[in-house]
Each structure stands twice: as C-alpha cells, then as structure tokens.
Amino acid sequence: MSRVRTTSHTGCRNSALSRLSDVIAYRELLVNLTRTELKVRYKNSVLGFLWSLLNPILYLVVFSLVFQEILRTQIPRFAIFLLSGLLVWNFFSASLAGGARSIISNSTIVQKVWFPREVLPLASVGAAMVHFLLQALVLAGALVVFRHEPNWAALVLLPLALLALTLLAAAAAISLAVLNVHFRDTQHLLELVLLAWFWLTPIVYNHQLVAERLGDGHWIAMLNPITTVVLVFQEALHNPPSGYIPDFSLWVHLRNVSLLALTALALLAFSLKLFGRLEGKLAERI
Amino acid sequence: MALAPGTIEVERLTKSFRLYAEQYSTLKERALHLGRIPYQEFDAIRDIDFTVNPGTVLGLLGNNGSGKSTLLKCIARTIEPTSGHLRREGSLAALLELGAGFHPELTGRENVFLAGSIMGHTRRTIGAVFDEIVAFAELEEFIDNQVKHYSSGMYARLGFALAVSMEPDILLIDEILAVGDEAFQQKSFDKIRSFRKRGVTMIFVTHDTDLAVSICDEIIALDRGQAIARGTPEEVARTYRKQLFGQTPTEVKPDPVQEGVRFTDVASSIQGRQATTFSPDDEVVLSVCLATDHPIDDLVIAYAIRDAAGTLINSSNSRLLDSGLTALDGTATVEFTFEGLRLLNGTYNVDLGAHSGDGRQSYGQVSSALRFSVAGPSDEAGIVSIPVRCSARSN
C-alpha cells in the first residue's frame, strides 16, 4: 500500500529532498531488504556469516606472503595495516557491486509494486555495512591479541570518515543501479574499474611512496576519495611510527574528511536526481 | 484542489511503448546503433479519461491486448504514462500479481513482513493483523516453511490474504480472483464484497463480462487501448459484446433451419426492466418470443437452467405450468415468472426447447439461449440458497 498524496505522474517528483523523504518513509523496507539479502546469502551454508570473514583472511594471507616475504615491505605490523585499509575498501566495493545489480535482481517486485526504488541499492549498502561491522570486530580482536595500541585521538575521526564513506557508497550505488538497467554492461565495466581502483588506493602499499614520487603534485593522489578515508583508518588503527603514512595532523585529516563528506552529500543529491530522471522506464526496461 | 481519499482522476492518459526489433541494452550495442535503433511506436492506451469516486467499483473490461492491465499499472505507479495526468488520493493496494514480493528462500512468516514492508506497512501494523492473514490463507501449519515448498495455490492464497489484510482506500485487482479452490474463491469474493460495503474504491480488470457485471457499479470497456464504452454494467456489457463479437447477451443462436419453431428473442427482466444479473430474491421474468411458418397445434415450450458446469438445476415447461399455450400460428410470447431464483452467486445458462405434447417430436431447441448471473450478499456456499435459521440452547 503506497501512501500517496495527490501526485501527478507527469509532473516532476524529482527534488532530491522529496525522494529522500520517500526513502525515509520506507525505512522499514530498507531494513527488511538488507536482512533478506544477508539471510538469503547465507541460508543453507554451513559457515554462514563466517564466509564474510574468509575474504579478508585470504587477502591477509596472500598479501602478507607477497608483500612481507617476497617484496620485503618495511611496514611494521603489516597485517593490521592491511586490514585497516581493506575494511574500508571491502565496504565500498561490496556496496557498489551489490548496488549495481540490485534493481535487476529484484526485477519481479519492481515490475509489480511501487515503492521508492532507491531502497534497493541502499539495501546493498546496508548489507555491506553489516559485513563491515563484522570485519571491524575481527580487526578490533586482532588489536587486542597483538596488544597493538590504536591512535586514540584519531579514533574520534572514524565515525565521520565512515559517514563520508557511506554517503559516497550510497550515491554511487544509486547511480550504478539505475545505469545498469539502461546499460547492462555497467556491472562488467564496474568490475574492471574496481580492480584498478583497488590498486590506486594505498591499501597494500604505503601512501608515502606515492606522495614522494609525485612530489609537488602529491595532491593528485588525494583526489581518490577512498584514499582520504583509508588514511584516516590507517592513522587511527594501525598507528604506525612516522614515515609510513603521510604525517597529516588530525586537523588535516578532519578537513579532508569533512570536505569529502560534503562532496559525498552533493553527489548523493545528484544521484537521487539522476535516479529520478532515469527511473520512469525502469519497469519496462528490465 | 484536495481530493477525497479513494478518488482517482485520470485525464487523457496515454502510454506508448517502443517496440524494438531487438532490444539493445549494452553500452557497446547502443554505441554501435547510436540513435538508429529501429522501433515502432505503439499506444497501449490512448487518451483515457475517467474519474472514480470513493466507494465505486469500476470494471475495466477488455480482451487481451486491450490495454486494461497497462492502465492498471499506470494507476499503481509501476509504469509511468507517456502523457496525461493521473491524480489519486488515499492508500492503495494492488493485486497485480499475488505474492509478487515473496522471496522463495524465506519462510511464509518472513515473507509476510517483507512483502508487507514493500507495500509500505510497518512491522507493527503487519504484526497486528498477522494471525488474521495466516488464518485467511489457511496456512497455519506451513507459515514457518520456506515458500519455495508451497504449492502455487498456497503461494497465491498467502499473497491474497496479505493484500487484503490492510483496508486500503483503493484496491486494484487484475484477474486474479481465480485463486485456490472454490471455497477460497468464495471467501475472496466475500472479502471483496465486504470491502465494497465499507466504501473501498476498487478497480477491477477482467475479460469476463459476466463477472464484471456481477461485481461492478460501472464499467469501461477497452479495445486496442481506447475506451469504447462506459456506463452501467448492463449497458456496457451489451455494447462490448456487440462490438467485439457482434453478439448481444440475449441473442439466440438458432440451430440449423428446421421445420418448426424459431426462438426469435429471449430476454430476462426484473419488473419490466431487462437485466442479466439478479439477486437471489428478485422476481425474474423469462420471456421467449416464438415464430413459426407452419401452424403447430400441439406445442410445449420447455426451459432448463444449468450452472456453469452444466448441471441441471431446474427445468419445466409451458404445459406443466398451465400456460394455456397449446398451439402456435405465426408468433407468440411465452413468459416464465420465477418468484425468486434462490440461486447463489455464479453464472447460469438457460436452454430452451419446443416439442410436441407427448415429447416425441422436437420442433427446435437452443442451448445456452440466455446467460445470466446471480450476485447477492449471501454468505452461503454452494449453488442453492435455502432459507435457514439456526438456534442453540444449552441443556
């Protein structure tokens, strides 16, 4: 039952705010779809949610082997360094990959029932968030086991960094979901882009190396929004001696993350607008 | 201007589809065929206008491809019209496809909450009617099983029960009442009827003229995307049949020419007004016009009422009923007056026959000369309405 107040179909129900308020009215659906996505993924599997931890563990083993044993990276506590960045990356990439497919894989309900469709990609972001929290628990456990002390002051920045990341992921997921209906190769293209993007983000290597190589142009590396978030996570959780990640003061981190959050907010408004534009023919094109 | 809840206003609504010879949906294909993808424009519905007031039951009648389902989807907002305006007020539930939001891997219980939230309900409101939904769907034993193990009937029953569990201001129904066994169908109809009593606006899509006539207050007949008739059910049903089949509801299909009696017209009426839908208590007059080219001096006219399955319900003839008709020369009209059909809701057929007094010689017969339906408020199930009382006392 959709609660619709006098609406005109051809008129534009397009303002980002009104779309957002529709989504908020359907927040229970968002929760339910997120739960469904998780439940369905792990139903009938013996390990269940442990699967979501297997991916970072495998990355950890492989990258530790390659970077520590073969390439002899100098980063101390490489495992924690890697997990700090991987946590961010996994959340972001899972949101985008799931979001891109979200409308097509729910085509039956999209064709039959009206509800704010933005809820579908947002549910993918929600599911990715649940995995993020699980993996964060594991990382927290690792910190305790290795008696590794985080940077307590920088920890304060994590909620803001996570907020910025979530807004960014939501904006991207919403745009990709609707684009993928119109251009089916979006999801394949996305796989390639994500692969490149992963290596362009300082997750397995030291950002300092890139900054030094770029010299005066080191700000170019900061154009990658994920880098900003990853650096905050590394600063807070890995808390390395100086020289491994840029020696940003907390204020610089705060400025970067705040700028990113504002940009992400603008992108979210844009993505809702884009979604509204392209949504009209969704049910027919699926 | 604010509309009253349950109002739907449709103004010059048009929905065109592009029929592509092939659908190019990847970036590469789009780029290759940049702006040169051949397609035909096709109007599924064209310039549809109507207003539905709160509490009205509107039927959209049409055969396949008439655009009735497209129109319903526009109202349900699952597809966007190409041009025109649509305004509606109030909560809406759509029975477009039962159980559309169900996920096979989830249990019936989980699905009720999931599909309910797709329809915009909160967990609390669904929880409040959950037991009712399960009871209505008759799935108490299976509600915690995954729905992939359900039969299609169980699936649809749960979908129906969920859709009608919250009383909407507007209910859209797309040919889906043929769900489950007969008892469940009866229950579904009763539910629809109770909605009607409580003033829920309903739009009902069907290609079954009799069903539409028996349920709706008003009908719009659609043909190839355009409204071809609009008005009271009986009027529209007649126009619709005439237009689509070149046939009126009371038209007789004469058997191959025979020496004897021709049935030139058959009609049923209540108090002099022609009708084909009755309630169980109506006094119904069945009038049969006869013509013959040769005088017949020993004539009996017989009728037989059958239900949709062909079971004989009642039969009699003009001699048994002392009509006084014994011979026919030229034309005559025979009227059978039923003081109440005492039938329950359904569609019924009337066969007619003319034969000699001893029954040895047939002068002609027509099967299904007339079709009528009964729509009453009855809560009974079966074919026949029997006046019944119930009392109880403890001893």
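Everything below is about the structure printed above this text.
This report concerns the structure included in the present document. Just so it is clear, the model here is predicted, and its values are computed rather than measured.

Remarks on the interface of chain A and chain B
Phase 1 of the analysis: Taken residue by residue, the interface counts 30 residues in chain A and 43 residues in chain B.
Phase 2 of the analysis: Broken down by secondary-structure element, the contributors of at least two residues to the side of chain A that touches chain B are β1 (2-4), α2 (27-42), α5 (107-112) and α13 (282-285) of chain A.
Phase 3 of the analysis: For the side of chain A that touches chain B, the element with the most residues is α2 of chain A, which contributes six residues.
Phase 4 of the analysis: A class-by-class count of the residues in the side of chain A that touches chain B yields 11 nonpolar, 11 polar and eight charged.

A closer look at the nonpolar core
Grouped burial of nonpolar side chains is what soluble globular proteins tend to show.
Phase 1 of the analysis: Counting 172 residues, the largest nonpolar core has Leu172 and Phe204 of chain B as its most contacted members.
Phase 2 of the analysis: At 17 residues, the largest contribution of residues to this core is made by helix α8 (residues 158-182) of chain A.
Phase 3 of the analysis: Both domains that furnish three or more residues to this core are identified here as domain 1 (8-243) and domain 2 (261-374) of chain B.

Here we look at the packing of helix α4 (residues 78-105) of chain A against helix α11 (residues 225-238) of chain A
All names here are of chain A.
Phase 1 of the analysis: Packing of α4 against α11 leaves a shortest axis separation of 9 Å and a crossing angle of 140°. Pair α4 / α11 crosses with right-handed handedness. Contacts between α4 and α11 pair Ile80, Phe81, Ser84, Gly85, Leu87, Val88, Trp89 and Phe92 from the former with Ile226, Val229, Val230, Phe233, Gln234, Leu237 and His238 from the latter.

Re the sheet that holds strand β12 (residues 277-278) of chain B
Residues and elements named next belong to chain B.
Phase 1 of the analysis: An order of β12-β18-β17-β14-β15 is seen for the five strands of this open sheet, with the pairing classed as mixed. For this open sheet the edge positions go to β12 and β15 (312-317), each flanked by a neighbour on one side alone.
Phase 2 of the analysis: Inspection of the sheet shows strand β17 (residues 346-355) paired to strand β18 (residues 362-374) by nine bridges, in the antiparallel sense. Bridging from a neighbouring strand, histidine 355 pairs with serine 362 of β18.

Cut-offs used in this document
Residues numbered from 1 in each chain as written. Chains lettered and ligands numbered in written order. Predicted model: local features only at pLDDT ≥ 70, side-chain atom pairs only at ≥ 80, totals over all residues. Contact = placed C-beta atoms within 7 Å. Helix = DSSP H or I, 4+ residues; strand = E, 2+ residues; numbered from the N terminus. Nonpolar A, V, L, I, M, F, W, Y, C, P; charged D, E, K, R; others polar. Core = buried A, V, L, I, M, F, W, Y, C linked by C-beta atoms within 7 Å. Buried ≥ 20, exposed ≤ 12 C-beta atoms within 10 Å, placed from the backbone. Domains from an automatic or database assignment. Axes fitted to C-alpha atoms, helices over the stretch in contact; angles between N-to-C directions. Left-handed = near helix turned anticlockwise from the far one by under 90°. Pairing = 2+ DSSP bridges.

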